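# Structure assessment
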Amino acid sequence: MLIAADKFKGSLTAVEVAEHVTAGLRRVVPGLDVAAVPVADGGDGTTAAALAAGFTRHEARVTGPTGEPVTATFALREDGTAVVEMAEASGLQHLPKGVFAPLTATTYGTGELLLAALDAGATSIVFGVGGSATTDGGAGMLAALGARFLGADGAPVGPGGGGLRELATADLSGLDPRLAGTDIVLASDVDNPLTGPKGAPAVYGPQKGASPEDVAVLDAALAHFAEVLERAVGPKAAEHALAPGAGAAGGIGYGALVGLDAAFRPGIDVMLDVLGFAPALARATFVITGEGSLDEQTLHGKAPAGVAAAARAAGIEVVAVCGRLQLPQEALAAAGIRRAYALTDLESDPARCMAEAGPLLERAAESLARDFLV
């Protein structure tokens, strides 16, 4: 049995999911051979998945999204591969008292975290983006890495997407020279462009506290940012603004594409490679995947869909566990998932379901084992 599940957000880490599923399975089939590869799709939980796969934990003190210092973690392997998760530095969880700052939240700390990875010896970086509190197009990140973004008065513009309205000139020549020799992969499940109806401000700004007026300001500011960068670095700046992934995490994808020469790949594909999923799958005869909510978003690049696609290609049956199930059986089957076991089928109260997710998951795993393994 191979357990390759993502976290149940707000209740269980991916490692804890695997532990509880294993316990439930073995109550029904004692001594069952179980392997676990906790997975993530590039969003929050990506660093934790890398650490569970044997990467070494590193910490750095960096600038949080509203300027307060925060402690951020990244993962590093002996071969020089680092996993850096932008939410560790610039995520919603770092907003003081949960108060949004849609116009001023900055990705500066993410740039500092990338520098810390380079200082620790990283030669290739999997850059997971998602869960951000920011909509600054990655300007803060690039500034921390040595870029300069100046207003008409020659002073640095203010933090966040709002500050980019005053941008007059951009200079990327001061970026850390180590970046040129570092292979950076932008890992995301988001393929939005930078601006427009499907851009970062319009689609994700409201989740970060942006009012309709703020969304309009941010969209115009990021479009202006792209225009100034085009004057600084040429046509690629305009091309990257339209590229899939540019709108990821408040446009930090755009900053990574333009300034870091990052290559965009679906986050789950990258992470399955990095976490050693293929060798584990080769030894498996049955796969269990899952995440907190199996819903329409799952089908668009989330971890369970990636796991199921890989298992189906190998001819291995897949079932899923989840907190709640919001997909019909036909959609599950189309994704390669034979059946899903939801905790809400065992406990209908959502608050209690999250609070007791571990024991409930073990009961779900017992049912799964009785249905498929006995």
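Report on the accompanying structure. Because the structure is predicted, anything quoted here is derived from the model rather than measured.

## A look at the environment of I3
You can see I3 is positioned in strand β1 (residues 2-3). The class for I3 is buried, based on a relative accessible area of 1%. On a C-alpha basis, the gap between I3 and P38 in space is 7.4 Å, while along the polypeptide they are 35 residues apart. In contact with I3, not counting residues within four places along its chain, are A18, V21, T22, L25, V34, A35, A36, V37 and I288.

## Considerations on unusual backbone geometry
The bulk of non-glycine residues show a negative phi, and the bulk of peptide bonds are trans. For A249, which is not a glycine, the phi torsion comes out positive at approximately 50°. With respect to the helices, strands and loops of the structure, A249 is situated in helix α10 (residues 248-259). The phi angle at D261 is positive, at roughly 55°, despite the residue not being glycine. Within the secondary structure layout, D261 lies in the loop between α10 and β10 (263-266). Judged by its relative accessible area of 64%, D261 is exposed.

## Quick notes on the sheet that holds strand β5 (residues 81-85)
The mixed open sheet is built from six strands, whose spatial order is β3-β4-β5-β6-β9-β10. If you trace the sheet from one side to the other, it starts and ends with β3 (56-63) and β10, each paired once. Ignoring strand direction, the axes of neighbouring strands in this sheet form an average angle of 30°. Here helix α4 (residues 108-119) sits on the sheet and contacts β3, β4 (69-76), β5 and β6 (124-128); the angle it forms with β3, its principal contact strand, is near 140°. The strands touched by α10 within the sheet are β6, β9 (183-188) and β10, with β9 carrying the most contacts at an inclination of about 155°.

## Examining α10
Taken across its twelve residues, α10 has twelve buried, putting it largely inside the fold. Those residues of α10 that fall on the buried side of the exposure criterion are A248, A249, G250, G251, I252, G253, Y254, G255, A256, L257, V258 and G259. Positive phi appears at D261, one or two residues downstream of α10, with a value of about 55°.

## Quick notes on the layout of surface pockets
As a volume, the largest pocket reaches approximately 1,200 Å³. What lines the largest pocket is a set of 44 residues, among which K9, D41, D189, Q297 and K302 lie closest to the centre. Looking at the lining of the largest pocket, the elements with two or more residues in it are α10, β10, β11 (286-294), β12 (317-325) and α15 (350-355).

## Remarks on the environment of S132
Along the chain, S132 turns up in the loop between β6 and α5 (139-144). S132 gets classed as buried once you look at its relative accessible area, which sits at 3%. The contact partners of S132, leaving out residues within four places of it in the chain, are M86, S90, G91, L92, K208, A249 and G250.

## Concerning the packing of helix α8 (residues 212-233) against α10
Taken N-terminus to C-terminus, the directions of α8 and α10 make an angle of 5°; their axes are 12 Å apart at the nearest point. As judged from the angle between their axes, α8 and α10 are roughly parallel. Facing α8, whose interface residues are L222, F225, A226, L229 and V233, α10 presents G250, Y254 and V258. Among the residues making up the contact of α8 with α10, the classes are represented as seven nonpolar, one polar and no charged.

Conventions adopted
Residues numbered from 1 in each chain as written. Predicted model: local features only at pLDDT ≥ 70, side-chain atom pairs only at ≥ 80, totals over all residues. Heavy atoms only, no water. Helix = DSSP H or I, 4+ residues; strand = E, 2+ residues; numbered from the N terminus. Buried < 20%, exposed > 50% of the residue type's maximum accessible area, 1.4 Å probe, protein only. Contact = heavy atoms within 4.5 Å. Pairing = 2+ DSSP bridges. Axes fitted to C-alpha atoms, helices over the stretch in contact; angles between N-to-C directions. 1 Å grid on protein atoms, 1.4 Å probe; cavity = no way out; pocket = protein on both sides within 12 Å on 5 of 7 lines; lining within 4 Å. Points joined across faces, edges and corners; volume = space filled by probe spheres on them. Parallel < 35°, antiparallel > 145°, perpendicular 65-115°, else oblique. Nonpolar A, V, L, I, M, F, W, Y, C, P; charged D, E, K, R; others polar.

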